[in-house]
Protein chains: 2
Amino acid sequence: MQTPLNELSAAEAARRIEAGELTAEALAAACLERIAERDDAVRAWAFIHARQALAEARELDRTPRRSRLHGVPYGIKDIIDTESLPTEYGSPIYSGHRPRADAACVALLRRAGCLILGKTVSTEFANNHPSPTRNPHDPAHTPGGSSSGSAAAVADRMVPLALGTQTGGSVIRPAAYCGALALKPSFGSINRQGTKLVAESLDTIGIFSRTPEDLALALEVLSGRPAPDFASFTGKPRIGLCRTPRWQDADAATQANLEQTARLLAQAGATVTDFELPAGSDQLFDRHGIIMGFESARALAWEYMTFPEQISKSLKPRLDEGWQVTRADYDAVRETARRCRRALADGMRDVDFLLTPSAPSEAPRSHESTGDPVFSRAWTLLGVPCVTVPHGKGAHGLPLGIQLVGPFDGDSALLGWAHWAAAALSAGG
Amino acid sequence: MQTPLNELSAAEAARRIEAGELTAEALAAACLERIAERDDAVRAWAFIHARQALAEARELDRTPRRSRLHGVPYGIKDIIDTESLPTEYGSPIYSGHRPRADAACVALLRRAGCLILGKTVSTEFANNHPSPTRNPHDPAHTPGGSSSGSAAAVADRMVPLALGTQTGGSVIRPAAYCGALALKPSFGSINRQGTKLVAESLDTIGIFSRTPEDLALALEVLSGRPAPDFASFTGKPRIGLCRTPRWQDADAATQANLEQTARLLAQAGATVTDFELPAGSDQLFDRHGIIMGFESARALAWEYMTFPEQISKSLKPRLDEGWQVTRADYDAVRETARRCRRALADGMRDVDFLLTPSAPSEAPRSHESTGDPVFSRAWTLLGVPCVTVPHGKGAHGLPLGIQLVGPFDGDSALLGWAHWAAAALSAGG
């Protein structure tokens, strides 16, 4: 049986487009059809202009191939500026807003011959107030946030690739909840000009997909980091099993799933050792909010002063708290983070990657919460690259994810190992 | 003889406003009058809406005092978004652009009861293509760039305070050329949401003024770093005299001026020792352009792809070069910078600040160049705070500056020492 076009990986779709077996237009049409069928239930998309997208796809079909992802459609989180589609940052304050320019990451995709299929739903200013998006596996459950739409759209096979942003756990968590893969690259990997900054020392543009290869090809386009030679990642990786100081926050299914994953990867040839985070790292889990609060209060100062009544009841107290943080406290957490970054770099010399939970549980059954970013916050603050790979099921049968964490700027190798791990788990699980 | 209102420092003006001896409206009117007299020659301002500014000043006169700078007018570099005034980033691509929101730094000023007097001229995308602005001391000379208008406006007593941005030497150099003070704070001090990013790992919002106290009060409003207790900076600072690996780029007047400054400060009680930058730092002077090129090519990707013919002949080749930089080379320079940052922090344990040139010479006699940022680039890349204080004259009688460089996040103390040094030089010079 043939794979429906909307279910193709980006790499496979691009190969068929290059071979003349598929057009960008037919691929976009298949994705738009899936969205038309499913998005009343999933609500992953903020804006789609189908006719415009198809016209742009036809234009790409007439254009010489510009990259290994030529003709592939993307969903763009609506926290990222697009000239040709509205950009509302998940807030009524920006109702109908049309940016003057594309964000740098959008321009980089267009430069590579990729198609901007539409804008995916962001929670309000990429924060924690729930969006209307539903988990595609069960609409009673949250898709996670803040990149709710990108995670749900990719997991539901509406589009092979999507961009999101992570300030706490806004890429890895929703991907794990929805059963997608995602990469939060090393801090500084993908240019943020034209992305609404919420906490500029943390905000990181990330990528959602259904295969590690697609993450690597998209990262190549967006950051200039070459995709790894996947065939060379066949050896015996040294894995640090990192339960983190917050292991007790993970539910039984998540704990058991991670332990089982470690056993499966050891059976596949890996050397797995327990990995303790450097002294002081436990503070990062608790104090991430000091940095995010201080910075987001300032980043959203205009909105807070001008339209206080249009800021949600979830966000308002977070901004109020951010204004209460002193500069000295903020600087002290930044200094702790810098010290931990150096210590982690030293500690990771003997491992290829860390294995750790993507989230404390499967997606909670709730429309009032986007879930807990506890297993992402510290990694975001440390700036290291993280990949979540779907593996296992939670107590209610929703997807779980395992998280692979690499050394700073080691994104390409981490994706190579993610490919190896996904294959090993698929064979052994 | 009374000081004309437009020549008052921000601190003195705010004290008089608080005492009821001066209104924000009268202060704004005096600044607008100076601008009306002088700006045909200096061309420091991109946009001024005098009636709107006066109305906002009257509103501030009716408002309870919100900060120690309540009622004080600012010029805002036109690379920073303002809702109430056009924002063109120095480029015809953005002709007539009206942002939807104020940048965070503008909102922070409004929150503190400061007045946005108008937008000051930026070079094209805060890069090196000269703007129409002239040096207020001699219109045949450049004011420097890229914060050309902010430096010229403050030096010419059109406004007591202005904001600029520095990616290479775009705050310190124009201030030195025009005879103003300026602070480039530690990286991460002033929130950049709503500022057009050119090279996000370098871009730093800075402040222009005519006194160290004004820099400190403005930094307090903008970053939350408390202004120092200036009276406590009366001791005997330990100064590292840092000629830098590019000392031969400084002209004879600049070299003699720095040596004489060191002698004067030693006479005032300082201990002055020669300071060598950490091994490898010489690379930072040369390789800053690798980071700036890589990032600015991406940050301006939309403009480059959409309006190539509207990008200047100065900027186009810089962006072309930026696209040629490999990710590996870019990452390597970032790693060198991180290593040098740690080494500099260690090396500065025994000094309070470094003394180094602000620019290689007085402002060049040219409208084709904004001068050489060589004595700022490395400090920007190192992220450390820098203050330029006017002292001495160049070969043609234009102002020279001396640059004080502090340890990372030591902005408040650095401003305390800048106050001490300015007083010592004023007494001794």
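Residues numbered from 1 in each chain as written. Chains lettered and ligands numbered in written order. Predicted model: local features only at pLDDT ≥ 70, side-chain atom pairs only at ≥ 80, totals over all residues.

Across a sheet, strands are paired by hydrogen bonds formed along the backbone, either parallel or antiparallel in direction. Residues and elements named next belong to chain A. The sheet built from 11 strands is open, its strands ordered 1-3-2-4-6-5-10-11-9-7-8 with mixed pairing. The open sheet has two edge strands, strand 1 (45–48) and strand 8 (271–274), and neither has a second partner. Looking at each pair of strands side by side, their axes are set apart by 30° on average, direction ignored. Here strand 2 (residues 73–77) pairs with strand 4 (residues 161–166) via three bridges, running parallel. Bridging across to strand 4, Tyr 74 finds its partner in Leu 161. Along the sheet, helix 3 (residues 50–61) makes contact with strand 1 and strand 3 (115–120), crossing strand 3 at roughly 155°. In this fold helix 14 (residues 411–428) packs onto strand 5 (181–184), strand 9 (353–357), strand 10 (386–393) and strand 11 (399–405), with an angle of close to 10° to the strand it touches most, strand 10. (Pairing = 2+ DSSP bridges. Helix = DSSP H or I, 4+ residues; strand = E, 2+ residues; numbered from the N terminus. Axes fitted to C-alpha atoms, helices over the stretch in contact; angles between N-to-C directions. Contact = placed C-beta atoms within 7 Å.)

All names here are of chain A. The side-chain alternation of strand 5 yields two buried faces, one formed by Leu 181 and Leu 183 and the other by Ala 182 and Lys 184. Pairing of strand 5 with strand 6 (residues 204–209) involves three bridges; the strand directions are antiparallel. Bridged to Ala 182 within strand 6 is Phe 208. As defined by bridge partners, strand 5 adjoins strand 10 across three bridges and the pair is classed as antiparallel. (Buried ≥ 20, exposed ≤ 12 C-beta atoms within 10 Å, placed from the backbone.)

Moving on to the domain arrangement of chain A. Residue and element names in this part refer to chain A. By the assigned domains, chain A splits into domain 1 (5–230), domain 2 (239–275 + 349–428) and domain 3 (282–333). Counting residues at the interface gives seven residues for domain 2 and five residues for domain 3. Residues of the side of domain 2 that touches domain 3, tallied by class, amount to five nonpolar, no polar and two charged. (Domains from an automatic or database assignment. Nonpolar A, V, L, I, M, F, W, Y, C, P; charged D, E, K, R; others polar.)

Glancing now at the relation of the copies chain B and chain A. Each copy superposes on the other: chain B lies on chain A with an RMSD of 0.0 Å after a rotation of 180° and an axial shift of 0.0 Å. Given the turn and translation reported, the copies of this chain are related as if by a two-fold rotation axis. Looking at chain B, 97% of its interface residues are interface residues in chain A too, so the copies touch through the same face. (Least-squares fit on C-alpha atoms with pLDDT ≥ 70 in both.)

We now examine the confidence of the model for chain A. Mean pLDDT over chain A: 97, with 100% of residues reaching 70 or higher. Scored by ipTM, the complex comes to 0.97, with pTM at 0.98. (pLDDT = per-residue confidence, 0-100.)

The next point concerns the packing of helix 9 (residues 282–299) of chain B against helix 13 (residues 374–382) of chain B. Residues and elements named next belong to chain B. Contact pair helix 9 / helix 13: the axes reach a minimum separation of 8 Å and the direction vectors enclose 70°. When the axis of helix 9 is compared with that of helix 13, the two are roughly perpendicular. With respect to the hand of their crossing, helix 9 and helix 13 are arranged in left-handed fashion. Here helix 9 contributes Leu 284, Phe 285, His 288 and Ile 291 to the contact with helix 13, which in turn contributes Val 374, Arg 377, Ala 378, Leu 381 and Leu 382. In the contact of helix 9 with helix 13, the residues fall into seven nonpolar, one polar and one charged. (Parallel < 35°, antiparallel > 145°, perpendicular 65-115°, else oblique. Left-handed = near helix turned anticlockwise from the far one by under 90°.)

At the interface, 30 residues of chain B touch 29 residues of chain A. If you list the elements that add at least two residues to the side of chain B that touches chain A, you get helix 4 (104–111), helix 9, helix 10 (301–306) and helix 12 (327–347) of chain B. By residue number, the principal contributor to the side of chain B that touches chain A is helix 4 of chain B, which donates five residues.

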